[in-house]
Amino acid sequence: MDEKRNGITLPAMIESCAVATAFIDRELEKIDCAGKAKTQINIAIDEIITNIASYAYAGEKENGMMTIGFAFDAGTETAEITFADEGKAFDPLSAAEPDVSLPAAERQIGGLGIFLVKKTMDDVSYRREDGQNVLTIRKRVR
C-alpha cells in the first residue's frame, strides 16, 4: 500500500469546519481528486464536524479537540479521512436510518447527515479506541 498520512487538530466547534475543509481540499488537490468526489467529501466533512461539535462534548463547559487525519492509497486511488474526538462514546452508524420516503415535515429530526455520508462515501466505519471516537470515511477519488 502506497500511503501518505497527514493530520490536523482543531477545536471541536462548527467554526472549525472551514479550516478542516481547507486542509482536506489541499490534500485532495495534491492527488488530483475528481470534482464530484471532492464535493461529496466536503459535504461529509461538514456533516461529521457538525455532529462532533454538537454532541461529542455536549454539556461540558468547553468543547474539546478533534483530530482529522488524511491518507491516500495510490494503489486503489482512495482517500481516507479519519475524525477522532475524546467526547462521549457514540457510534453514529448504529443509529436507525431516517425514513426518507416520508415528507420532510413528517420525518423525525436527526440522522439525515450521517445517512448522506453513508450514501456518498465508498466506506464509513466507526471504532472506539483509547477513549476516542474514531470515524473513518473512504472515497475513491478518480
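Please refer to the structure placed before this passage.
A short tour of the structure in this document, coming up. (Residues numbered from 1 in each chain as written. Predicted model: local features only at pLDDT ≥ 70, side-chain atom pairs only at ≥ 80, totals over all residues. Heavy atoms only, no water.)

### Things to note about the overall build of the protein
Each helix and strand counted, the protein has 3 helices and 5 strands in total. The 142 residues of the protein split such that 41% are buried. For the protein, contacts bridging at least 24 residues in sequence account for 64% of all contacts bridging at least 6. Of the roughly 8000 Å² of accessible surface on the protein, a fraction of 52% belongs to carbon and sulfur atoms. (Helix = DSSP H or I, 4+ residues; strand = E, 2+ residues; numbered from the N terminus. Buried < 20%, exposed > 50% of the residue type's maximum accessible area, 1.4 Å probe, protein only. Contact = heavy atoms within 4.5 Å. Areas by Shrake-Rupley, 256 points an atom, 1.4 Å probe, with all protein chains shown as cover.)

### Here's the deal with the pattern of salt bridges
Taken as a whole, this structure holds 7 salt bridges when the rule is applied. Of the charged contacts in the structure, one is a salt bridge between arginine 142 and glutamate 77, with a shortest N-O distance of 3.1 Å. Separated by 65 residues along the polypeptide, arginine 142 in the segment after β5 (132-140) and glutamate 77 in the loop between β2 (65-73) and β3 (78-85) bring together distant segments of the chain. The partly exposed category is assigned to glutamate 77, whose relative accessible area is 22%. For the salt bridge of arginine 138 with glutamate 80, the shortest nitrogen-to-oxygen distance reads 2.9 Å. Here glutamate 80 lies in strand β3 and arginine 138 lies in strand β5, a separation of 58 residues in the sequence. Using a relative accessible area of 24% as the deciding quantity, one classes arginine 138 as partly exposed. (Salt bridge = Lys/Arg side-chain N within 4 Å of Asp/Glu carboxyl O.)

### Some thoughts on the packing of helix α1 (residues 17-30) against helix α2 (residues 35-56)
Put simply, α1 and α2 touch, their axes get as near as 10 Å, and they point 150° apart. If you check the angle between α1 and α2, you find them roughly antiparallel. The two elements α1 and α2 meet at a crossing, and its hand is right-handed. Taken together, the residues of α2 that come into contact with α1 (itself represented by Cys17, Ala20, Thr21, Ile24, Asp25, Leu28 and Glu29) are Lys38, Ile41, Asn42, Ile45, Asp46 and Ile49. Grouping the constituent residues of the contact of α1 with α2 by class yields 7 nonpolar, 2 polar and 4 charged. (Axes fitted to C-alpha atoms, helices over the stretch in contact; angles between N-to-C directions. Parallel < 35°, antiparallel > 145°, perpendicular 65-115°, else oblique. Left-handed = near helix turned anticlockwise from the far one by under 90°. Nonpolar A, V, L, I, M, F, W, Y, C, P; charged D, E, K, R; others polar.)

### Observations concerning α2
For α2, which comprises 22 residues, the first-to-last C-alpha distance of 31 Å matches the rise-based estimate of 32 Å (1.5 Å per residue) to within 8%. Turning to α2, its buried residues are Ala37, Gln40, Ile41, Ala44, Ile45, Ile48, Ile49, Ile52, Ala53 and Ala56. (Expected span 1.5 Å × (residues − 1).)

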